[in-house]
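These are the residues of each chain, in order.
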Amino acid sequence: MKIIDAHMHLSKIESFHKTAVELSGVDYSFEGIKKEYQEAGVSIGIGMGLTEAKVNGFPDEHATTPMGLDLAEHTPSIVYCAGINPHQLDEHVMERLRTEVQKPEVVGLKIYLGYYPFYAYDEVYEPIYALAKEFNMPVVFHTGDTYSERGLLKYAHPLTLDEAAVKHREINFVMAHFGDPWTLDGAEVVYKNRNVFADLSGLVVGNAEDIKRNKESPRFFNHLLHALTFTDDYSKFLFGTDWPLVPVTPYVDFIKSIIPKKHHEDVFYNTALNVFPKLKPFI
């Protein structure tokens, strides 16, 4: 089975380096992810553009838009979504972003709800949505829990995507992390809006044993399974890892275990190609 990792990271973020050493046990480098992708049968990864202007700075209002992948210079088998800092969206920045999105390897745009204090429907993002429409690119939103205690959760609740989705029907939106832990609210937004999808990345942080322990817990994933059942349309979901937060192969196995086998092709491959049309030349 072909696999696309629709959500991963490859940036010099201090907390990612720390997580790799202390929690997930992965080799957080391009060589590390290349090896894991080969072992897991992943054909391509979509990195979420992210940078820190200072160590442990994210969310950092001084980070330059567009944010990219700065952990490695050459990353075959990895494309990316250009990261957006809403504090850095003046006319000069927008021209730079326009040039960026025309690169073959830039397949989408990434907005970090919760890390920056703006809702998905805030006027500050209207130039981003106009660009997404012009170039037929999806917009990925961080939703749910934030990986920094400096984040503000109210901005990352999945219900806040509904207004943007209704206003901009021509854009495909991806709800990263399925809004976890508010997955049932996220499920309603996905169910209601034909242009909203969700990735299943970042539902666990840790190593293979952590994934196994949480999967076997009688309660840990009840809310997730309830939400998946409520949506009742597996073609609206994309596989993603949120690497380096977890090793790839155990996470692939975990997602396989909660998705009915007849829907694996959609979740692990087809939906990503549908949502990210610029992926096709790389496959």
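Structure: see above.
From a predicted model like this one, the values you see are computed outputs, not experimental measurements. (Residues numbered from 1 in each chain as written. Predicted model: local features only at pLDDT ≥ 70, side-chain atom pairs only at ≥ 80, totals over all residues. Heavy atoms only, no water.)

Chemist: Explanation requested: the overall build of the protein chain in the structure shown.
Modeler: A tally of regular secondary structure across the protein chain gives ten helices and eight strands. Its C-alpha atoms give the protein chain a radius of gyration of 17 Å, near enough to 19 Å, the size a compact globule of 283 residues would have. Its C-alpha atoms give the protein chain principal-axis dimensions of roughly 50 × 40 × 40 Å. Counting every position in the protein chain, which comprises 283 residues, the buried fraction comes to 57%. (Helix = DSSP H or I, 4+ residues; strand = E, 2+ residues; numbered from the N terminus. Rg over C-alpha atoms; globule rule 2.2 N^0.38 Å. Buried < 20%, exposed > 50% of the residue type's maximum accessible area, 1.4 Å probe, protein only.)

Chemist: Explain helix α8 (residues 222-231) here, please?
Modeler: For an α-helix, 3.6 residues make a turn, and residues three or four places apart therefore share a direction. Inspection of α8 places L224, A227, L228 and T231 among the buried residues, and these make up the whole buried set. The buried residues of α8 occupy an angular sector of 100 degrees when projected down its axis, which confines them to one face. The secondary structure elements touched by the buried residues of α8 are α6 (183-192), β8 (237-238) and α9 (248-258). Backbone geometry just downstream of α8 places D232 in the positive-phi region, at approximately 55 degrees. (Arc of directions from axis to C-beta. Contact = heavy atoms within 4.5 Å.)

Chemist: Would you explain the packing of aromatic side chains in this entry?
Modeler: Each aromatic ring pair is described using two quantities: the centre-to-centre distance and the angle formed by the ring planes. Summed over the entire model, instances satisfying the criterion amount to 22 aromatic pairs. Ring centres of F16 and Y28 lie 6.2 Å apart, and the angle between their planes is 85 degrees; on these two criteria the pair is classed as edge-to-face. Of this pair, F16 sits in helix α1 (residues 14-24) while Y28 sits in the loop between α1 and α2 (30-40), and the two are twelve residues apart along the sequence. When its relative accessible area of 7% is taken as the criterion, F16 is described as buried. A relative accessible area of 8% means that Y28 is categorised as buried. In this structure, K236 is placed above the aromatic ring of F197, and the distance from its NZ or CZ to the ring centre is 5.4 Å. (Phe/Tyr/Trp six-rings, centres within 6.5 Å; stacked < 30°, edge-to-face > 60°. Lys NZ or Arg CZ within 6 Å of the ring centre and 35° of its normal.)

Chemist: Please clarify how the nonpolar core should be interpreted in this entry.
Modeler: One broad trend across soluble globular proteins is that nonpolar side chains are buried collectively. Counting residues in hydrophobic clusters, the biggest one holds 98 residues, and the most contacted among them are Y129, F178, F254, I255, F276 and L279. Setting aside residues up to four positions removed in sequence, F276 forms contacts with I46, C81, V107, P138, V140, V174 and L238. (Core = buried A, V, L, I, M, F, W, Y, C linked by side-chain atoms within 4.5 Å.)

Chemist: What am I meant to see in the environment of M67 here?
Modeler: Structurally, M67 can be placed in the loop between β2 (42-48) and β3 (78-84). Taking relative accessible area as the criterion, M67 reaches 0% and is therefore assigned buried. C-alpha of M67 to C-alpha of E100: the two residues are 33 residues apart in sequence and 10.0 Å apart in space. Leaving out residues up to four positions away in the same chain, M67 has contacts with G49, L50, T51, C81, A82, G83, I84, N85, Y112 and Y116.

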